[in-house]
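Results of the structural survey
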Amino acid sequence: MCGIVGYIGHREAYPVVLNGLKRLEYRGYDSAGIAIYDGSNLKFSKTKGKVADLQLKMESEINTSGTIGIGHTRWATHGVPNDVNSHPHFSNSGELVIIHNGIIENYDPLKKELIKRGYTFKSDTDTEVLVNLIEDVQKKEGVKLGKAVQIALNQTIGAYAIAVFDKKKPDEIVVARLGSPLAIGVGENEFFIASDASPFLEFTKEAIYLEDGEMAVIRTHKEIKIRKIHDDSLVDPYVQELQMNLEQIEKGGYEHFMLKEIYEQPDAIRDTFRGRMLVNEGIIRMAGVDDNIDKFLNAKRIIIVACGTSWHAGLVAEYIFEELARVPVEVEYASEFRYRNPVIDKDDVVIAISQSGETADTMAAIKMAKEQGAFVFGVCNVVGSSISRETHAGAYTHAGPEIGVASTKAFTTQITVLTLMALQLAKRKGKISTSDFHKYLVELESIPNKVTLALKSNEHIEEVAAIYKNTKNCLYLGRGFNFPVALEGALKLKEISYIHAEGYPAAEMKHGPIALIDEEMPVVVIATKKGHYEKVVSNIQEIKSRSGKIIGIVTEGDVDVRDLADHVIEVPETIEFLTPLLTTIPLQLLSYHIAVMLGKNVDQPRNLAKSVTVE
Ligand code: G6P
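The following refers to the structure shown. Residue positions within a chain follow its written sequence, with the count starting from 1. Totals for whole chains, interfaces and linings use every residue, but because this is a predicted model, local features are given only for residues with pLDDT of at least 70 and side-chain atom pairs only at 80 or more, for both listing and counting. Side-chain calculation: all heavy atoms of the structure are included, whereas hydrogens and water are not.

1. Some remarks on the overall build of the protein chain
The helix count covers DSSP runs of H or I at least four residues long, the strand count covers runs of E at least two residues long, and both are numbered beginning at the N terminus. When helices and strands are tallied, the protein chain shows 20 helices and 27 strands. Just to be clear, the radius of gyration here is over C-alpha atoms, and the globule rule we use is 2.2 Å times residues to the power 0.38. Over its C-alpha atoms the protein chain spans a radius of gyration of 26 Å, differing by no more than 12% from the 25 Å that the globule rule assigns to 615 residues. Its C-alpha atoms give the protein chain principal-axis dimensions of roughly 80 × 55 × 45 Å. The buried share among the 615 residues of the protein chain stands at 61%. Between two residues, a contact is recorded if the distance between any of their heavy atoms is within 4.5 Å. Contacts in the protein chain between residues at least 24 apart in sequence constitute 70% of all its contacts with a sequence separation of at least 6. Under the counting rule used here, the positive set is Lys and Arg, the negative set is Asp and Glu, and His together with the chain ends is not counted. Charge coordinates come from a single atom per side chain, which is NZ of Lys, CZ of Arg, CG of Asp or CD of Glu. Of the charged side chains in the protein chain, 69 are positive and 84 negative; the average position of the first set lies 2 Å away from that of the second. Working definition: with a 1.4 Å probe on protein chains only, accessible area under 20% of the residue-type maximum means buried, over 50% means exposed, and in between means partly exposed.

Structure (structure tokens):
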């Protein structure tokens, strides 16, 4: 969702801010804006559209010099995407300039009050209300910017990451966060502000991640002052060394981030089990699980909460945990769970899955589960993210930065972590034999190479994509462990090609979707040798006899489905509960190629955001 970038120091701010916005494009947005100040002139530009459009506008119209600057990519919540609603926003006097990621929920009464006091508004945004509220406090109370921001924020309800400066004090930026991420890059007499560290990686490896409810007054040539917004107490800045490098957030020769990330999966899966799975010794070591093993052993059930692709990984995990560890699992959309008064027992273990670690609904579900006494375990990709800090314990997927909005390597690495957890629990509960445990570790270790083999079908998949690229609908079917993969395959196609697609358990086809089948309907069927193979073959026959077009995802060497299907895409053989790690690969590539052929914006699909920080 919205991305924020800021700079204050001795460099020209414009290139830093512009480049930073480009790095944050992956978050999803519909408009962008930048304001640069040189101590006497404020130059700004705002536009609906892409950062590249903003750059053209900014560079053709305005001199961009100045050493303080802020920039924003906006994902519309209050007010349609247009130039006026884009950020930055300005106070009525024109002195205060703000960017904001989040929602001020009580903006309406605040706005009415400000209107009574003579303020006028150009945009429909909650952000313009906030900047005028800060100005109003400044005037009424005669306080400095930092204090005014603090007083104003204490009157708001909602979520925010903000950066604001006052033209009268061009050596200072005030930032604050609640519910939306904010990182401060610390350089030599210069500071960088951003929604994540990617915009400032080439300038500094030192970063401070503000905690929820904190604000900071940042001044060049001075120390950063961080305090709690609520009670004014000072907080010692905790400066972290960033582990990310620039290469990881660049395309590295691939046409799109999504393709790069699909191809990174063998390494990402390997990185995820490295150091945790010691095959020769026949053990798994996961500190987050081992240190809390009693919680897991005593759990009467596991509740998994997540959204989007992470929810699909949760569904795969449900099958794996129940199969191996024989513990009941429920998988919940975080957004439903948090609003439906669920029964949560203190003996429940809640596993929250989130690539970004920032998803607002997942975060709220975690807080609710904690309040009701459950032990909450996080499976996140982004190190230091809000969810990873809010949970009692957790395990990171070591997928590296995922920039493409459509999640790929995050999904397979989430399944990898959850599989390790299920195996560890199964072993500790005595539900699997030592020899099976060892056999499974050996097989899991071979998965990255098998993913590499699955990727070799890329050209064939591209040919299949060319045949079906103009379809209006597509059905995805799978059973057992591969039913969630069918859901995920359909989601990928929807997300980046805007083609309507549905995932279904293959056996449920007879109860409805079969009515849709005719010669116009491609049906992707996951039909690997293990797992109800004969039953899936019968489903394929049912489709065939109704003239549906069949794309079978099959085990290497398969002959039965090959005879029936219009196309088959092979994946290597593996044990049943690990098949999702392989069957997912061709579905990712199929969606990717269709979207590219249709000329869609693969990495930044319309209306979608990488990190959904609003409810
Ligand atoms: C957004 C993204 C999806 C992602 C979902 C959950 O919708 O576009 O790719 O699966 O949020 O995100 P999370 O970061 O919590 O896994």
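2. Structural notes on the sheet that holds strand β19 (residues 329–333)
Pairing in this open sheet of five strands is parallel, and the strands run β19-β18-β20-β21-β22 from one edge to the other. Single-partner strands in this sheet number two, and they are β19 and β22 (393–396). Taking each pair of neighbouring strands and ignoring which way they run, the sheet shows an average axis angle of 20°. Following DSSP output, two strands are said to pair if at least two bridges run between them. Relative to strand β20 (residues 349–354), strand β18 (residues 302–306) runs parallel, the two being bridged by four bridges. Note on β20: the bridge partner recorded for V305 is A352. Convention adopted: a line fitted to C-alpha atoms gives each axis, helices being fitted over their contacting stretch, and angles between N-to-C directions are expressed from 0 to 180 degrees. Those strands touched by helix α12 (residues 360–371) are β18, β20 and β21 (375–380), and its axis lies near 165° from that of β20.

3. What about unusual backbone geometry?
For the bond running from H87 to P88, omega is 0°, close enough to zero to count as cis. Here P88 is to be found in the loop between β4 (68–74) and β5 (89–90). Positive phi outside glycine occurs at D232, with the angle close to 70°. Checked against the element boundaries, D232 lands in the loop between β13 (225–228) and β14 (234–235). What makes D232 partly exposed here is its relative accessible area of 30%. Within the chain, S547 stands out as a residue other than glycine whose phi angle is a positive 70°. Topologically, S547 is positioned in the loop between α18 (533–544) and β26 (549–555).

4. Examining the site of the ligand
Throughout, the term near means that a residue has one or more heavy atoms lying within 4 Å of the molecule or strand in question. Around the ligand, the surrounding shell holds 13 residues, and the nearest of these are S310, S354, Q355, S356 and T359. Between S354 and the ligand, the recorded distance is 2.6 Å, taken from a side-chain N or O atom to an oxygen atom. The term polar contact refers here to a pair of N or O atoms within 3.5 Å; inside protein, the definition further demands a hydrogen-donor-capable atom paired with an acceptor-capable atom, and it admits residues adjacent in sequence only when both atoms are side-chain atoms. Note that an oxygen atom of the ligand is positioned 2.7 Å from one of the backbone N or O atoms of Q355. The protein chains shown are the only cover counted for residues, whose accessible areas, like all others here, come from Shrake-Rupley with a 1.4 Å probe. Calculation on the ligand without its partners gives an accessible area of 390 Å², and the protein chains cover 90% of this total. With three residues, helix α10 (residues 308–325) is the single largest residue contributor to the shell around the ligand. Three classes are used, and their members are as follows: Ala, Val, Leu, Ile, Met, Phe, Trp, Tyr, Cys and Pro are nonpolar, Asp, Glu, Lys and Arg are charged, and the others, Gly among them, are polar. The residue inventory of the shell around the ligand, partitioned by class, reads four nonpolar, eight polar and one charged.

5. Examining the sheet that holds strand β1 (residues 3–8)
With respect to topology, eight strands assemble into an open sheet ordered β3-β2-β4-β1-β10-β9-β11-β15, the strand pairing being antiparallel. Across the chains shown, the open sheet's two edge strands, defined by having one partner strand only, are β3 (42–48) and β15 (240–241). Pairing of strand β9 (residues 183–186) with strand β11 (residues 206–209), which is carried by three bridges, proceeds in the antiparallel orientation. Each residue of the ladder has a partner; that of A183, found in β11, is Y209. Along the sheet, helix α1 (residues 13–23) makes contact with β1, β2 (31–37), β4 and β10 (191–194), crossing β4 at roughly 20°. Contacting β2, β3 and β4, helix α2 (residues 51–61) runs over the sheet at an angle of about 145° to β3.

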